[in-house]
Amino acid sequence: MTEKLYKVGWNFIDLKCGYAHYDKDGKEYNPRMRIVEGAESAYYDCPDDHCVNRIPLLAYEKILTECVNLINNGLAKEGYVWKMKCARQTYELCIYKNKQESQLSVGIKNLSIRKR
């Protein structure tokens, strides 16, 4: 019987932008989302100035809960994709890496926005 997770640290998820970005050599990568203080509240933002992917902080707690449930149900495999709704927005999430259940690297796309 595998041990179930009940509590994890706030930094359990390495949240990445789910949209493809390219470095100067043309290699694809997914930048880590950063916390930005907005006029009304803080949010996760892609550091690329040309990307409009933003996620409210309250979505992070929901993502964290869903990731723990995926691990407990044996579904937290690399490449696993699911959708989530939060704050009238729809998000697509994908597990990029599962570091032996010590940290998940998760990509997120806000499907409710239009790309520039």
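Residues numbered from 1 in each chain as written. Predicted model: local features only at pLDDT ≥ 70, side-chain atom pairs only at ≥ 80, totals over all residues. Heavy atoms only, no water.

## Observations regarding the pattern of salt bridges
According to the stated counting rule, one finds five salt bridges in the structure shown. Note that D14 and R32 form a salt bridge whose closest N and O atoms lie 2.7 Å from each other. Taken as a pair, D14 in strand β1 (residues 13-17) and R32 in the loop between β3 (28-29) and β4 (34-37) lie far apart in primary sequence, 18 residues in all. In this structure, R54 engages D45 in a salt bridge whose closest nitrogen and oxygen atoms are separated by 3.5 Å. One salt-bridge network, in which partners are shared between bridges, spans D14, K16 and R32. (Salt bridge = Lys/Arg side-chain N within 4 Å of Asp/Glu carboxyl O. Helix = DSSP H or I, 4+ residues; strand = E, 2+ residues; numbered from the N terminus.)

## Observations concerning the sheet that holds strand β8 (residues 89-98)
The pairing of strands in a sheet happens through backbone hydrogen bonds and is either parallel or antiparallel. Here we have four strands laid out as an open sheet, ordered β1-β9-β8-β7, and mixed in their pairing. The open sheet has two free edges, formed respectively by β1 and β7 (81-86), since each of these has just one partner strand. The sheet shows a mean angle of 35° between the axes of neighbouring strands, direction not considered. Pairing between β8 and strand β9 (residues 104-110): seven bridges, direction antiparallel. Counted as the bridge partner of C94 is G107 from β9. (Pairing = 2+ DSSP bridges. Axes fitted to C-alpha atoms, helices over the stretch in contact; angles between N-to-C directions.)

## Overview of the sheet that holds β4
What the three strands build is an open sheet, ordered β4-β5-β6; its pairing is antiparallel. Two strands bound the open sheet, and with one partner strand each, they are β4 and β6 (54-56). Here the average twist between neighbouring strands, direction ignored, is 35°. The sheet contact formed by strand β5 (residues 42-45) and β6 spans three bridges and is antiparallel. Of the residues in β6, the one forming a bridge with Y43 is P56. Against the sheet, helix α1 (residues 57-72) engages β4, β5 and β6, with an angle of about 80° to β6. (Contact = heavy atoms within 4.5 Å.)

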